[in-house]
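Structure at a glance
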Amino acid sequence: MEDKEQKENRKTDQEPEPKQKGRWAYLNDYEKDASGNYIYTGTTYHWKSPRKTSLRGLWMIAVASFAAQIAAGCISDTGMDGRFWVLLPYAAALIASVSLVWGNYTLAGGGEKIPEHVFQKSVEALPVRALLTAVFSGIALAGELVNLLWQSQFTGRIPAALLFVAAEAVSLVFAVLLRRMVLKLEWESTDESTGTNPTETKEAEETSGTGSKA
């Protein structure tokens, strides 16, 4: 007769693991194999663009955009003290530029075959983050120009303010370049559970359905 512990172990082995929801839903794509190791069975994205060259370019652009934001913040006497229309967008642009670097780090760590949840957090997220960096940099730049034109209330030095404007412009340009570069990357998706291309399978099903209706 099996003792209580053996019955509980057998029951645990037979019961399927509960499905994860929300931000942890991607864990449902990891399943145990015969050896007890977890394998990924969801959709993966393979680099069709040259991986090393693409990552090198993305890293250079992301770091340049972030460095420009840091440089802008290190400039003294820009006259933006107490000017919320410059301070707030600058802070937002700085945070957005940090997310560009983090997105590149996530993408680089994904390897040659990138799981779908990593793809969503890097390739799909980077264009939005780059756009936010560009927009907030532009707003900060415009706000500082307003400060310069508002000479009666300007408390900084004109050369310092112009350097700040230039730094924000540099960050904006690099953010736009990064967005374009990410959008031009080419990928090939594969369903690891079936070994098929989900896009091609869907197109074949739609074609088949259209033919049947005809």
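Let me sum up the structure you'll find in this document. Everything quoted here is computed from the prediction, not taken from an experiment.

How each quantity is defined
Residues numbered from 1 in each chain as written. Predicted model: local features only at pLDDT ≥ 70, side-chain atom pairs only at ≥ 80, totals over all residues. Heavy atoms only, no water. Helix = DSSP H or I, 4+ residues; strand = E, 2+ residues; numbered from the N terminus. Buried < 20%, exposed > 50% of the residue type's maximum accessible area, 1.4 Å probe, protein only. Contact = heavy atoms within 4.5 Å. Areas by Shrake-Rupley, 256 points an atom, 1.4 Å probe, with all protein chains shown as cover. Phe/Tyr/Trp six-rings, centres within 6.5 Å; stacked < 30°, edge-to-face > 60°. Pairing = 2+ DSSP bridges. Core = buried A, V, L, I, M, F, W, Y, C linked by side-chain atoms within 4.5 Å. Axes fitted to C-alpha atoms, helices over the stretch in contact; angles between N-to-C directions. Patch = residues over 30% accessible without salt bridge, like charges linked within 9 Å, V, L, I, M, F, W, Y side chains within 5 Å. Salt bridge = Lys/Arg side-chain N within 4 Å of Asp/Glu carboxyl O.

What follows deals with the overall build of the protein. A count of helices and strands for the protein gives seven helices and five strands. Counting all 214 residues of the protein, 34% fall into the buried class. In the protein, 77% of the contacts between residues at least 6 apart in sequence involve partners at least 24 apart. For the protein, the accessible area works out to roughly 13,300 Å², and carbon and sulfur atoms hold 59% of it.

In total, this model carries six aromatic pairs according to the counting rule given. Here the aromatic rings of Trp47 and Trp187 are separated by 4.4 Å at their centres, their planes lie at 50°, and the arrangement is tilted. Pair noted here: Trp47 is in strand E3 (residues 43–47) and Trp187 is in strand E5 (residues 187–191), with a separation of 140 residues, a long-range link. Side by side, Trp47 and Trp187 carry an identical accessibility label, which is buried. Plain terms: the ring middles of Tyr90 and Phe164 are 5.9 Å apart, the flat faces sit at 55° to each other, and that makes the pair tilted. Highlighted residues: Tyr90 in helix H3 (residues 84–108) and Phe164 in helix H6 (residues 158–184), separated in sequence by 74 residues.

This part takes up the pairing of E3. Counting buried positions over the five residues of E3 gives four, a clear majority of the element. Looking at chain direction, E3 and E5 are connected through five bridges and run antiparallel. Paired with Trp47 across the bridge in E5 is Trp187.

A word on the nonpolar core. General note: in soluble globular proteins, nonpolar side chains tend to be found buried as a group. If you look at the biggest cluster of nonpolar residues, it comprises 18 residues, and the most contacted ones within it are Trp47, Leu107, Ile114, Leu178 and Trp187. Of all the secondary-structure elements, those providing two or more residues to this core are E3, helix H2 (51–74), H3, helix H4 (116–121), helix H5 (126–149) and H6. Per element, the largest residue contribution to this core is four residues, and it comes from H2. With residues up to four places along the chain from it excluded, the contact list for Leu178 reads Leu58, Ile61, Ala62, Leu100, Asn104, Leu126 and Ala130. Counting residues in hydrophobic clusters, the runner-up holds seven residues, among them Met80, Tyr90, Ala140 and Phe164.

Another aspect to go through is the sheet that holds E5. One open sheet holds the three strands; their spatial order is E4-E3-E5, and the pairing between them is antiparallel. Both edges of this open sheet fall to strand E4 (113–115) and E5, since each of them pairs with a single strand only. On average, adjacent strands in this sheet sit at an angle of 30° to one another, irrespective of strand direction. Two elements, E3 and E4, share three bridges in a ladder whose sense is antiparallel. Looking at the pairing, Tyr45 lines up with Ile114 of E4.

Take the environment of Ala68 next. Here Ala68 is to be found in helix H2. Counting along the chain gives 102 residues from Ala68 to Val170, while the straight-line C-alpha distance between them is 6.4 Å. Not counting residues within four places of it along the chain, the set of residues in contact with Ala68 comprises Ala167, Val170 and Ser171.

Moving on: a nonpolar patch on the surface. A cluster of nonpolar side chains, namely Leu131, Val135 and Ile139, defines an oily patch on the protein surface of about 230 Å² accessible area. Inspection of the secondary structure puts Leu131 in helix H5.

Applying the stated criterion across every chain, the model contains one salt bridge. Between Asp77 and Arg157 there is a salt bridge; the shortest N-O distance is 3.4 Å. Here Asp77, found in the loop between H2 and H3, pairs with Arg157, found in the loop between H5 and H6; they are 80 residues apart in sequence, far enough to count as distant. On the basis of relative accessibility, which here comes to 43%, the residue Arg157 falls in the partly exposed class.

Everything listed here is a matter of geometry and, on its own, says nothing about what the molecule does.
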